[in-house]
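Listed below are the residues making up each chain.
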Amino acid sequence: MYKGTMCEFGIIDEIDRNKYYGEYEPEKYDCIYVDSDVVLDWWEMGLRRVKTYVGGGFDKEFYGIDVNGVTLIPPKSLPELEKVVESDPRTKEDQSLKKLLEKIKKAKEENKYMICYGV
């Protein structure tokens, strides 16, 4: 599996199921950065059970995060993603993981989609 450099996670304020989200707009979604090697480590921690959409739209269901593309994470998948991030012992020390956990909790509370750019 290819290892990139980082994944950027953000919150989509208003989801439009007809919009193409493949354009790279990390500022628009107030993205935070997480090392993609960390995200790849999460596969064995349960990331493969997190239902998502890849390719910038809603026609390609997936399980996990595409570290080389765009992933949309629906609100119903956020509790599982939150469990994965919380189960990583690095979250206690790593500031980017702490910020990601905060962002997941916020999106969950507000019932919003998240976006992840794998770059």
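Let me begin by describing the structure that accompanies this report. (Residues numbered from 1 in each chain as written. Predicted model: local features only at pLDDT ≥ 70, side-chain atom pairs only at ≥ 80, totals over all residues. Heavy atoms only, no water.)

1. Things to note about helix H2 (residues 78-87)
- The set of residues buried in H2 consists of Leu 78, Leu 81, Glu 82, Val 84 and Val 85. With its buried residues spanning 160 degrees around the axis, H2 presents them on a single face.
- Residues of H2 that are buried in the fold lie against strand E5 (70-73), helix H3 (95-109) and strand E6 (113-118). (Buried < 20%, exposed > 50% of the residue type's maximum accessible area, 1.4 Å probe, protein only. Helix = DSSP H or I, 4+ residues; strand = E, 2+ residues; numbered from the N terminus. Arc of directions from axis to C-beta. Contact = heavy atoms within 4.5 Å.)

2. A look at the pairing of strand E1 (residues 6-12)
- Burial analysis of E1 places six of its seven residues in the buried class, the great majority of the element.
- Bridge count for E1 against strand E2 (residues 32-35) is four bridges, and the pairing is antiparallel. Residue pairing for E2: Met 6 is matched across the bridge by Asp 35.
- The sheet contact formed by E1 and E6 spans six bridges and is antiparallel. Bridge pairing links Glu 8 to Tyr 117 in E6. (Pairing = 2+ DSSP bridges.)

3. Considerations on the pattern of salt bridges
- The full count for this structure, using the stated rule, is 13 salt bridges.
- With a shortest N-O distance of 3.5 Å, Lys 103 and Asp 30 are connected by a salt bridge. Of this pair, Lys 103 sits in helix H3 while Asp 30 sits in the loop between E1 and E2, and the two are 73 residues apart along the sequence.
- Assessed through its relative accessible area of 11%, Lys 103 is described here as buried.
- Across the salt bridge formed by Lys 51 and Glu 61, the nearest N and O atoms sit 3.4 Å from each other. In this pair, Lys 51 sits in strand E3 (residues 51-54) while Glu 61 sits in strand E4 (residues 61-63), placing the two residues 10 residues apart along the sequence.
- One network of salt bridges, with partners in common, ties together Asp 13, Lys 106, Glu 110 and Lys 112. (Salt bridge = Lys/Arg side-chain N within 4 Å of Asp/Glu carboxyl O.)

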